[in-house]
Amino acid sequence: MVNLNTIPPKNNRDFYIAIGLEGSANKLGVGIVKHPLLPKHANSDLSYDCGAEMLSNIRDTYMTPPGEGFLPRDTARHHRNWCVRLIKQAMAEAGIKDPTLDVDVICFTRGPGMGAPLHSVVIAARTCSLLWDVPLVGVNHCIGHIEMGREITKAQNPVVLYVSGGNTQVIAYSEKRYRIFGETLDIAIGNCLDRFARTLKIPNEPSPGYNIEQLAKKAPHKDSLVELPYTVKGMDLSMSGILASVDLLAKDLFKCNKKNKILFDKKTGEQKVTVEDLCYSLQENLFAMLVEITERAMAHVNSNQVLIVGGVGCNVRLQEMMAQMCKDRANGQIHATDNRFCIDNGVMIAQAGLLEYRMGGIVKDFSETIVTQKFRTDEVYAAWRD
Amino acid sequence: MTQEFIDKVSSYLSQDIDITPISQGAEAIVFSTSTHPYLPKTRESHQKFIIKYRPPKRYRHPQIDQTLTKHRTLNESRLLAKLYLIPGLYVPQLLACDPYNGFIWLEFLGEDLPGGYGFSNLKNFLWMHDKDPYNDLVAATLHKVGIQIGLLHWNDYCHGDLTSSNIVLVKYGAEWVPHLIDFGLGSVSNLVEDKGVDLYVLERAILSTHSKHAEKYNDWIMEGFEAAYHEKGAKGIKKFKEVTKRFQEVRLRGRKRSMLG
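Looking at an unreviewed UniProt entry, one finds chain B named EKC/KEOPS complex subunit BUD32 and attributed to Saccharomyces kudriavzevii. Of the comments in the UniProt record for chain B, the one headed Sequence similarities (unreviewed entry) reads "Belongs to the protein kinase superfamily. BUD32 family." On record in UniProt, under Subunit (unreviewed entry), the comment for chain B is "Component of the EKC/KEOPS complex composed of at least BUD32, CGI121, GON7, KAE1 and PCC1; the whole complex dimerizes."

Looking at an unreviewed UniProt entry, one finds chain A named N(6)-L-threonylcarbamoyladenine synthase, with Saccharomyces kudriavzevii as its source organism. The record in UniProt for chain A states the following under Sequence similarities (unreviewed entry): "Belongs to the KAE1 / TsaD family." Its UniProt record gives chain A the following Catalytic activity (unreviewed entry) comment, quoted word for word: "L-threonylcarbamoyladenylate + adenosine(37) in tRNA = N(6)-L-threonylcarbamoyladenosine(37) in tRNA + AMP + H(+)".

What follows is the structure in structure tokens.
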């Protein structure tokens, strides 16, 4: 059993308040979370049911023109420019007047992520900490996603599929750690979709993956898929080969290369496949692989709950496929959140950081606040779980 | 396990064949039966066979599903037939297969572990010995698991999905003999890369399922793996070095796999 009330809230309040700062990729997020101090948490395994209240959840995304990705230095500049404004706005929205008295802890993303953006956000966190005399907690980005998903969906012990621009992992909890059962061996799923979007030169607004999803819905030849590699390796998968082959097809399509028999009819030279079809086939292929490795992990750990988190988790088609898979398993349950909590945000950092803070884990020296690009999910000791 | 699938299977097999569902894996549903696919019924009633059925997965596109089911069923059957002939390597005997419908008949292996620990696969066996993990029986069994994997790789086959639940232990007298099962993702390959990935998948599976004693377990398995190669003489030692070198590289690659997002 775990005591989540190890550290009492400041000034004898009956609730905790945490600010979370997130900026590991092109999204800058500031979120404020409130946890009531409840006696049931003193001796419990209720880290998925904190009664959390989101006081504010603000996000600003650095957008690039079609066909371009975000570069670390430009993203970092965006975060530096917007960080103070977002923090002020979040505090106003949450009604916090004096952060010195009202804020228990400031949480920031320690990693994994792009070095430069992480660095610019942690500087803001350190400054606030010194300014208001509030302790800091460093949070693993993946753990943030998992804890937010658990709190929102109240899933007690699910198999987590974490799919985003930089990570593709199947995770399950065991003995105080979130263990990675399967993951990508090369590029992440979001990365694969983003890069294909760049090849197609479709807009990055609101997100490349969303635009691919919309294109896929309009595919005219849904009954005949373009064959792409299917690369599941045990509980791991590999996606670079799929990206390379679909990229080649797209380029041949744009160049009108009639020699390509997959795209054009051998005799008449008529076009058989459209850009929408390519998007549809890519999605079907990638998501089938994801659902398969999730099912493998579920069978391996004898679990029947799935939680999808991360930016790609907003994809309705992925949620549909996962729901179908769960339906065919004995008492399968699926948990997914919407884009407020799926896409990177500050609230999730605040949620995971506050759990850590309530277990007594605070940064004692600024040397512990160094951010890191490589920070695995299973490196974190999950003190708040049983 | 849904009733729908069971009905589907019994209607496919006809009423004369009795089926008892045993388990639902990720990919397949496993049934036990007392009927041999083509030999006449003998008077010995205790004989048991396995029917492994890969049901159509409704979540994926029918085209992907058909290709995968056919490919994996056929692949598994072919591999099992070849592997069964290799001396020293233990896999279940293939009796019949129907790749278009996703059915395989196999010989029944394993038994129930004492003390309610369930079926005798390596996962349950290790959990049974969780209290006293470093006894000689565990060490010897894991050593033999390593030898099996070593033999498999030496003969240029890869399993593709090595986990502790895909290794079944069969009791001969006092000792447990590991048998490899589930070759749906297996392949014929002489690339060190595939073998390295195979070992890495197993190491990670042990690490995440049996985290407490994983290091020792993996050591024992690797000892067995080494022994299987060293038995083959100088050529074996050379190959072993190549495989382990690539294994280290794959492991490093895997560790780096946390970037951004």
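Caption draft 1: Spatial organisation of the domain arrangement of chain A. All names here are of chain A. For chain A, the assigned domains read domain 1 (10–150 + 343–379) and domain 2 (155–341). Taken together, the contacts link 27 residues of domain 1 with 28 residues of domain 2. Carbon and sulfur atoms supply 56% of the area buried between domain 1 and domain 2, which totals about 2400 Å² over both sides. Seen at the junction of domain 1 and domain 2, the total is 1 salt bridge.

Caption draft 2: Summary view of the pattern of salt bridges. This model, assessed by the stated rule, comprises 35 salt bridges over all chains. K57(B) serves as the salt-bridge partner of E295(A), at 3.1 Å between the closest nitrogen and oxygen. Pair noted here: E295(A) is in helix α8 (residues 275–301) and K57(B) is in the loop between β3 (49–53) and α2 (62–83), and the two residues belong to different chains. Residue E295(A) is classed as buried on the basis of its relative accessible area, which comes to 3%. Look at K57(B) and you get buried, because its relative accessible area is 12%. Here the salt bridges share partners, and the residues they tie into one network are E292(A), R296(A), E27(B), K52(B), R54(B), R60(B), D65(B), R72(B), E76(B), D161(B) and D182(B).

Caption draft 3: Spotlight on a positive patch on the surface. Residues and elements named next belong to chain A. A contiguous patch of positive charge on the surface is contributed by K261, K266, K267 and K272. Considering the arrangement of structural elements, one finds K266 in the loop between α7 (240–255) and α8. Exposure remark for K266: the relative accessible area of 69% places this residue in the exposed category.

Caption draft 4: Here's a closer look at helix α1 (residues 3–13) of chain B. Residue and element names in this part refer to chain B. Among all positions of α1, only F5, I6, V9, S10 and L13 are buried. End-on, the buried residues of α1 take up no more than an arc of 130°, which puts them together on one face. Turned more than 90 degrees away from the buried face of α1 sit Q3 and S11, all of them exposed. In this fold, the buried residues of α1 make contact with β1 (20–24), β2 (29–33), β3 and β5 (103–107). Within two residues after α1, S14 carries a phi angle of roughly 75°, on the positive side.

Caption draft 5: Expanded view of the UniProt feature "binding site: substrate" (unreviewed entry) in chain A. Residues and elements named next belong to chain A. Under the feature "binding site: substrate" (unreviewed entry), the UniProt entry names Y162, V163, S164, G165, G166, D194, G209, E213 and N315. For Y162, the location among the structural elements is in strand β6 (residues 159–163). Looking at the element boundaries, D194 is found in helix α5 (residues 189–200). When its relative accessible area of 19% is taken as the criterion, D194 is described as buried. Residues within four places of D194 in sequence aside, it is in contact with P208 and G209.

Caption draft 6: Spatial organisation of the UniProt feature "binding site: a divalent metal cation" (unreviewed entry) in chain A. When the UniProt feature table is mapped onto this chain numbering, "binding site: a divalent metal cation" (unreviewed entry) sits at H141(A), H145(A), Y162(A) and D344(A). Of the residues just listed, which span 204 residues, no C-alpha pair is farther apart than 11.8 Å, and they cluster in one region.

Caption draft 7: View of the sheet that holds strand β4 (residues 94–98) of chain B. Residues and elements named next belong to chain B. Reading across from one edge, β1-β2-β3-β5-β4 is the order of the 5 strands in this open sheet, with antiparallel pairing throughout. Every other strand in the sheet has two partners, leaving β1 and β4 as the edge strands with one partner each. For this sheet, the mean inter-axis angle between neighbouring strands, taken without regard to orientation, is 20°.

Caption draft 8: Highlighting the packing of helix α4 (residues 136–154) of chain B against helix α6 (residues 214–230) of chain B. All names here are of chain B. Where α4 meets α6, the closest approach of the two axes is 6 Å, and the angle between their N-to-C directions is 45°. Between α4 and α6, the angle is such that the two are oblique. The interaxial crossing formed by α4 with α6 has right-handed handedness. Within the contact between the two elements, α4 uses V138, A139, L142, H143, G146, I147, I149, G150, L151, H153 and W154 and α6 uses Y217, W220, I221, E223, G224, F225, A227, A228 and Y229. Residue composition of the contact of α4 with α6, grouped by class: 14 nonpolar, 5 polar and 1 charged.

Caption draft 9: Focus on the sheet that holds strand β3 (residues 53–61) of chain A. Residues and elements named next belong to chain A. Pairing is mixed across the open sheet formed by 5 strands, whose spatial order is β3-β2-β1-β4-β5. Since the sheet does not close on itself, it has two edges, and those belong to β3 and β5 (136–140), each with one partner. The mean inter-strand angle of the sheet, taken between neighbouring strand axes irrespective of direction, is 20°. Summarising the sheet, strand β1 (residues 15–22) and strand β2 (residues 27–36) pair through 8 bridges and their orientation is antiparallel. Residue I19 lies in a different strand from β2, and its bridge partner there is I32.

Rules and cut-offs
- Residues numbered from 1 in each chain as written.
- Chains lettered and ligands numbered in written order.
- Predicted model: local features only at pLDDT ≥ 70, side-chain atom pairs only at ≥ 80, totals over all residues.
- Heavy atoms only, no water.
- UniProt positions renumbered as here; feature names shortened; annotations may be inferred.
- Domains from an automatic or database assignment.
- Contact = heavy atoms within 4.5 Å.
- Buried area = accessible area lost by both parts, 1.4 Å probe.
- Salt bridge = Lys/Arg side-chain N within 4 Å of Asp/Glu carboxyl O.
- Helix = DSSP H or I, 4+ residues; strand = E, 2+ residues; numbered from the N terminus.
- Buried < 20%, exposed > 50% of the residue type's maximum accessible area, 1.4 Å probe, protein only.
- Patch = residues over 30% accessible without salt bridge, like charges linked within 9 Å, V, L, I, M, F, W, Y side chains within 5 Å.
- Areas by Shrake-Rupley, 256 points an atom, 1.4 Å probe, with all protein chains shown as cover.
- Lys, Arg positive; Asp, Glu negative; His and termini not counted.
- Charge placed at Lys NZ, Arg CZ, Asp CG, Glu CD.
- Arc of directions from axis to C-beta.
- Pairing = 2+ DSSP bridges.
- Axes fitted to C-alpha atoms, helices over the stretch in contact; angles between N-to-C directions.
- Parallel < 35°, antiparallel > 145°, perpendicular 65-115°, else oblique.
- Left-handed = near helix turned anticlockwise from the far one by under 90°.
- Nonpolar A, V, L, I, M, F, W, Y, C, P; charged D, E, K, R; others polar.

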